[in-house]
Amino acid sequence: QVQLVESGGGLVQPGGSLSVSCAASGSIFSVLAMGWYRQAPGKERELVAVITSGGNTSYADSVKGRFTISRDNAKNTVYLQMNSLKPEDTAVYYCNAQVQRLGSVILGNYWGQGTQVTVSS
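As the structure is a computational prediction, the values presented were derived from the model and not from experiment.

K.L.:
So what's going on with the packing of aromatic side chains? Which residues, and what values?
P.N.:
Summed over all chains, the structure comprises one aromatic pair. Relative to Trp111, the ring of Tyr37 lies with its centre 4.9 Å away and its plane at 65°, an arrangement referred to as edge-to-face. On the criterion of sequence distance, the pair formed by Tyr37 in strand β4 (residues 28-39) and Trp111 in strand β10 (residues 107-111) is long-range, its members being 74 residues apart. Given the relative accessible area of 36%, Trp111 is considered partly exposed. Above the plane of the ring of Tyr94 lies Arg45, whose end atom (NZ or CZ) is 3.7 Å from the centre. Cation over ring: Arg45 sits above Trp111, and NZ or CZ is 4.7 Å from the ring centre.

Below you can see the structure in the form of C-alpha cells.
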C-alpha cells in the first residue's frame, strides 16, 4: 500500500505565510508527479500546483507568484510554501501523487487526508 501523510497548515492572518508538506511512504518503486489541490466549502476541488519528478512546475493562475511547490525525491516528499495569503485561499489542502508501486507497472493515483488552511484576521 501507499500512504500520503500531510503536515502543516493552520490559521494565519491575511498577508501571512504558511507551509504544508506531504510524505509518500509504503511499497513505492517511483513517484512521478506530485501536487496540491484544495477544496473550499461549497466548491469543487481545484488544482493548486503540480511538480514532476524532474522538477517542472505548474500553478493555478490564482496562486502564481505567491505559492511555491518543491519536492525532495529522496524523501518522496512534496512541499507547498504559501506567501501573501488571502482569505480566499482558505480551504482544505490535499496532497496528490502518481505512484508506481513495487512489482507493478501500473501508475496509481493517491491522495492525502487533507489539511485545513484558514486565512482570517
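K.L.:
Run through the pairing of β10, naming residues and quoting values.
P.N.:
Of the two faces of β10, only one is covered, namely that formed by Gly108 and Tyr110; the face formed by Leu107, Asn109 and Trp111 stays uncovered. For strand β9 (residues 91-101) and β10, the ladder comprises five bridges, and the chain directions are antiparallel. Across the sheet, residue Gln98 finds its bridge partner in β10, namely Asn109. Counting the residues that bridge the hairpin from β9 to β10 gives five residues, and of these Gly103 lies at a positive phi of roughly 80°.

K.L.:
Talk me through the nonpolar core; I want residue IDs and the actual numbers.
P.N.:
One finds Trp36, Val48, Phe67, Val78, Leu80, Met82 and Tyr93 to be the most contacted residues of the largest nonpolar core, which totals 31 residues. Contributing elements (two or more residues each) for this core: β1 (2-8), β3 (18-26), β4, β5 (46-51), β7 (67-72), β8 (77-82), β9 and β11 (115-119). When neighbours within four sequence positions are excluded, Met82 is seen to be in contact with Gly16, Ser17, Leu18, Val20, Arg66, Phe67, Tyr93 and Val117.

K.L.:
Please set out the state of the cysteines residue by residue, giving values where relevant.
P.N.:
Across all of its chains, the model carries one disulfide by this definition. Each disulfide pairs two cysteine sulfurs, and for Cys22 the partner residue is Cys95, the sulfurs being separated by 2.1 Å. Taking the sign of the S-S torsion, -80° for the link of Cys22 and Cys95, the bridge is left-handed. Residue Cys22 is found in strand β3, and its partner Cys95 is found in strand β9; the two are separated by 73 residues along the sequence. For Cys22, a relative accessible area of 0% translates into the label buried. Judged by relative accessible area, Cys95 falls into the buried class, the value being 0%.

What counts and what doesn't
Residues numbered from 1 in each chain as written. Predicted model: local features only at pLDDT ≥ 70, side-chain atom pairs only at ≥ 80, totals over all residues. Heavy atoms only, no water. Phe/Tyr/Trp six-rings, centres within 6.5 Å; stacked < 30°, edge-to-face > 60°. Helix = DSSP H or I, 4+ residues; strand = E, 2+ residues; numbered from the N terminus. Buried < 20%, exposed > 50% of the residue type's maximum accessible area, 1.4 Å probe, protein only. Lys NZ or Arg CZ within 6 Å of the ring centre and 35° of its normal. Pairing = 2+ DSSP bridges. Core = buried A, V, L, I, M, F, W, Y, C linked by side-chain atoms within 4.5 Å. Contact = heavy atoms within 4.5 Å. Disulfide = S-S within 2.5 Å.

Nothing here speaks to function; it is geometry throughout.
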